[in-house]
Amino acid sequence: MPVTRVLYPLYQLGNPQLRIFRPNWFLTLVRPGKEQPPDTVQFRTPMEMTKCDIKNYLVNIYNVPVGAVRTRIQFGSNKKRNHRNQKIKQPDYKVAYVQLAQGQTFSFPDVFPEKDKTPEEGSMEEMEQKFMEDEKQRQKLDPRRGGVTEWFGL
Amino acid sequence: MAARTRLPLLFPKNLPPFRNQRLAHTEAAVKEPAYPPIIPSLTAKSKSARGRQVDEQVQKICASPVEEKISLITRIQRMKFVVYPQTFARNADTWYQHFTKTAYIPGLPEKYTLSPERDTGGEEEQPAAAQTTVPGVGHDGFTEIRSLVTRVILQEHWQLRNRAPFLYRKQEQTVGPFLRNLVTGLSFSLAKYNPLFLSSSLDIDPNVHFYWRRGQTIIPKGHRRGRQEPTRFQIDDRPNSQIRITEQLPQFISLEDSYAAEVQEVTLSPSVMPLFRRQYDNNMFTGAKLPDPACYGHTQFHLVPDRYHRDRMARLQQSDQVEVFLRANALTSLFAWTGAQAMYQGFWNHEDVTRPFVSQAVITDGKFFSFFCYQLNTVALSVETDANNPRKNLLWGTESLQLYDSVQDGEVVGLNDDVLKLLVQFLMNKQ
């Protein structure tokens, strides 16, 4: 067959609307590197998703009221080299900044909160910690020597 | 003949010793040592030298005439944020309020809200007629204006047969000419009531530009990395039409009363808004060049383009952004216009305005009219001058008011007299 103009399933005026029922795309919510306004949420999305796709995804699957979506593609560096001096490419990814509608705000939660390190009373951890502290205390030199080592003396 | 004189071996310093004792009872005039003032160097590689260079530049600008002032301030081109009055960005009005140090006050100033009470209080004979008159324009004048407005509406929407507009060109094709005809007709018919219009200038599709600095950022990359840099902004506006007058409009509130207003501060970088940076000529323009006698502004008229029309926003479920858009548009356009007017009078960053500059704007999309009043109290917005500046600029504004419902069978249905009255009052604003 001679090579004719091949048009992929692009949307042309009059086509039925393209619907995807079970998309194979997954969005990742990330903490923004630069400070964003309170109504902006930052996602890492697959490269094939467009702004309209992201909006429809969030509105229809997660019922999130989306105001505006802006995307950019982050180039993954190709500068590092391995032990064979071959260039190693970090993968490219698309970042989407989604502004929420209806005055909603979102702030990225603290995923690794600082925990209190005091162990409970009467547990193994407490006894272990106490034992280690005693050992460290025994290793220290006599404080009356004022920091002088034991090389000298009798 | 030194050998002939009999001089002592030790040559005395005072010779003869008692010659000056005549003046023994007077004290010698004590002259204070006059050293030159200790000022930092001009050419050294130090912060104080840089400070002195900046001071010298500021004094040079203060001492020069207005044309040179403008050219010295806008001489150097650097990357700046371009602020668009009609923007797609969400919640643009809070951002723009921070950039221009403007406080938004909902509703119009007392001048426009108190007059209906004065009308009904004074004329008690015909309360129905009193409601449809404007102080300064009689009942007949108002009916004349109403007929003019109906004529203009019918001209564009009923009598003229336009071909189907191209995509997103409907406002440009229909409402643009409607607004132009309205403004020209109204300014002509109100010239007999408002003497300011006799020597005023009506511009069609003028250019308004303004350039200013506000705030500081740290330069992230480059040979100047880590140092502080002022953020620069530029507004390039194209209102539909504007009226410029020879005398300044009176202020709405005194300068001191603006100290109490609150401006919303935004600590984030403007690029997050989103706002983009470019480098090109820094322009300051009111709509006419410097020697023009009509250098003060009266009213601007803006058109809402198809992209931001309320029907399209309703389709995209962003109806709440319509009012935000109108406010942001009025804020930036009026700030640019009043700022350029102040610039033409010689006020700039380091020489703050001594009197407030006042202008008005009407933004419309054909059916819905919003009225805004702006008072510029300060131009000193950069970091050094803003540190102890309690003055704020003020913007008063209304929600959108519908002028008419529809045009049917050659008749304008539901013409709202209140909106017309407000429009006439706006144009009647004089000394």
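By the naming in an unreviewed UniProt entry, chain B is Mitochondrial ribosomal protein S30, taken from Champsocephalus esox. Quoted verbatim from the Subcellular location (unreviewed entry) heading of the UniProt record, the comment on chain B is "Mitochondrion".

Per an unreviewed UniProt entry, chain A carries the name Large ribosomal subunit protein uL23m and comes from Champsocephalus esox. Here chain A is described in UniProt, under the heading Subcellular location (unreviewed entry), as follows: "Mitochondrion". Looking at chain A in UniProt, the text filed under Sequence similarities (unreviewed entry) is "Belongs to the universal ribosomal protein uL23 family."

Q: I'd like to hear about the overall build of chain A, residue by residue, with values.
A: Scanning chain A from N- to C-terminus turns up two helices and four strands. Helices and strands in chain A line up, N terminus first, as β-β-α-β-β-α. In terms of overall size, chain A is more extended than a compact globule, its C-alpha atoms giving a radius of gyration of 29 Å where 154 residues would be expected to give roughly 15 Å. The principal-axis extents of the C-alpha atoms in chain A amount to approximately 100 × 50 × 30 Å. Looking at chain A as a whole, 20% of its 154 residues are labelled buried. In chain A, once contacts between residues fewer than 6 apart in sequence are set aside, the share between residues at least 24 apart is 51%. Looking at chain A as shown, the accessible area adds up to about 13800 Å², and 55% of this sits on carbon and sulfur atoms. Put simply, chain A has 25 plus and 18 minus side-chain charges, and the middle of one group is 18 Å from the middle of the other.

Q: Any chance you could break down the interface of chain B and chain A for me, citing the residues and the numbers?
A: Listed as interface residues are eight residues of chain B and, on the opposing side, 11 residues of chain A. Summed over both partners, the interface of chain B with chain A buries about 780 Å², with 49% contributed by carbon and sulfur atoms. It is B:Arg90, B:Leu268 and B:Val272 in chain B that bury the most area against chain A; as a group they hold 64% of the surface buried on that side. Grouping the constituent residues of the side of chain B that touches chain A by class yields five nonpolar, two polar and one charged.

Q: Tell me about the packing of helix H1 (residues 47–63) of chain B against helix H2 (residues 66–73) of chain B, and name the residues and values.
A: Residue and element names in this part refer to chain B. Close contact between H1 and H2 brings their axes to 8 Å; oriented N to C, the two are set at 150°. Contact residues: H1 offers Gln57, Lys60, Ile61 and Cys62, while H2 offers Lys69, Leu72 and Ile73. Residue classes in the contact of H1 with H2 are distributed as four nonpolar, one polar and two charged.

Q: How would you summarise the environment of A:Thr118 if you had to cite specific residues and measurements?
A: Along the chain, A:Thr118 turns up in the loop between strand E4 (93–100) and helix H2 (124–139). Accessibility expressed as a relative area gives 63% for A:Thr118, which makes it exposed.

Q: How would you sum up the pattern of salt bridges? Please name residues and give values.
A: Residue and element names in this part refer to chain B. Per the stated rule, a full pass over the model turns up 18 salt bridges over all chains. As a salt-bridge pair, Glu351 and Lys69 come within 2.8 Å of each other at their nearest N and O atoms. Pair noted here: Glu351 is in the loop between helix H10 (320–344) and strand E9 (357–364) and Lys69 is in helix H2, with a separation of 282 residues, a long-range link. Looking at Lys69, the relative accessible area reads 8%, which means it is buried. The shortest N-O distance in the salt bridge between Arg310 and Asp365 comes to 3.7 Å. Taken together, the residues Arg310 in helix H9 (residues 310–315) and Asp365 in the loop between E9 and strand E10 (368–376) connect sequence positions 55 residues apart. Relative accessible area serves as the criterion here: at 22%, Arg310 is assigned to the partly exposed category. You can call Asp365 buried: its relative accessible area is 7%. By sharing partners, the salt bridges in this structure join Lys101, Arg214 and Asp386 into a single network.

Q: Lay out the sheet that holds strand E4 (residues 208–218) of chain B in plain terms, naming residues and giving numbers.
A: All names here are of chain B. On the basis of which strands lie adjacent, the open sheet formed by four strands has the order E4-E5-E1-E7 and mixed pairing. Both edges of this open sheet fall to E4 and strand E7 (277–278), since each of them pairs with a single strand only. Looking at chain direction, strand E1 (residues 80–83) and strand E5 (residues 228–237) are connected through three bridges and run parallel. In the sheet register, Phe81 faces E5, and the bridge partner there is Phe233.

Q: So what about the pairing of E4(A)? Which residues, and what values?
A: All names here are of chain A. When you tally the buried positions in E4, you get seven out of eight residues, the bulk of the element. With six bridges connecting them, strand E2 (residues 40–45) and E4 associate as antiparallel partners. Pairing of Thr40 across the sheet is with Gln99, part of E4. Relative to E4, strand E3 (residues 66–74) runs antiparallel, the two sharing eight bridges. Bridge assignment links Thr71 to a residue of E4, and that residue is Ala96.

Q: Mind laying out the nonpolar core, listing which residues take part and the relevant values?
A: Core analysis: the biggest nonpolar cluster contains 104 residues, and B:Tyr96, B:Ile153, B:Leu182, B:Trp212 and B:Leu403 have the highest contact counts within it. Tallying contributions element by element places H10(B) first for this core, with 14 residues. Excluding residues within four positions of it along the chain, B:Leu403 makes contact with B:Val149, B:Ile153, B:Lys367, B:Phe369, B:Gly414, B:Leu415, B:Asn416, B:Val419 and B:Leu420. Core analysis: the second largest hydrophobic core is formed by 13 residues, A:Met49, A:Val66, A:Val69 and A:Ala96 among them.

Q: Can you explain the environment of B:Pro390? Please cite residues and give values.
A: Residue and element names in this part refer to chain B. The topology assignment puts Pro390 in the loop between helix H11 (383–386) and strand E11 (393–397). Take Pro390: its relative accessible area is 35%, and that puts it in the partly exposed class. Spatially, the C-alpha atoms of Pro390 and Gln173 are 45 Å apart, while their sequence positions differ by 217 residues.

Q: Lay out the packing of helix H7 (residues 139–159) of chain B against helix H12 (residues 417–427) of chain B with the relevant residues and their values.
A: All names here are of chain B. Where H7 meets H12, the axes come as close as 11 Å, and the angle between the chain directions of the two elements is 105°. The pairing of H7 with H12 is recorded here as roughly perpendicular in orientation. Residue-level inspection shows Phe142, Ile145, Arg146 and Val149 of H7 in contact with H12, the latter providing Asp417, Leu420, Lys421 and Val424. Considered class by class, the residues forming the contact of H7 with H12 number five nonpolar, no polar and three charged.

Q: Before we move on, could you go through the side chain of B:Gln321 and cite the residues and values that matter?
A: All names here are of chain B. You can see Gln321 is positioned in helix H10. Of note is the side chain of Gln321, whose polar atom sits 3.2 Å from the backbone nitrogen of Asn91. When near neighbours in sequence (up to four residues on either side) are disregarded, Gln321 contacts Ala89, Arg90, Asn91 and Met313.

What counts and how
- Residues numbered from 1 in each chain as written.
- Chains lettered and ligands numbered in written order.
- Predicted model: local features only at pLDDT ≥ 70, side-chain atom pairs only at ≥ 80, totals over all residues.
- Heavy atoms only, no water.
- UniProt positions renumbered as here; feature names shortened; annotations may be inferred.
- Helix = DSSP H or I, 4+ residues; strand = E, 2+ residues; numbered from the N terminus.
- Rg over C-alpha atoms; globule rule 2.2 N^0.38 Å.
- Buried < 20%, exposed > 50% of the residue type's maximum accessible area, 1.4 Å probe, protein only.
- Contact = heavy atoms within 4.5 Å.
- Areas by Shrake-Rupley, 256 points an atom, 1.4 Å probe, with all protein chains shown as cover.
- Lys, Arg positive; Asp, Glu negative; His and termini not counted.
- Charge placed at Lys NZ, Arg CZ, Asp CG, Glu CD.
- Buried area = accessible area lost by both parts, 1.4 Å probe.
- Nonpolar A, V, L, I, M, F, W, Y, C, P; charged D, E, K, R; others polar.
- Axes fitted to C-alpha atoms, helices over the stretch in contact; angles between N-to-C directions.
- Salt bridge = Lys/Arg side-chain N within 4 Å of Asp/Glu carboxyl O.
- Pairing = 2+ DSSP bridges.
- Core = buried A, V, L, I, M, F, W, Y, C linked by side-chain atoms within 4.5 Å.
- Parallel < 35°, antiparallel > 145°, perpendicular 65-115°, else oblique.
- Polar contact = N/O pair within 3.5 Å; in protein donor to acceptor, adjacent residues only side chain to side chain.

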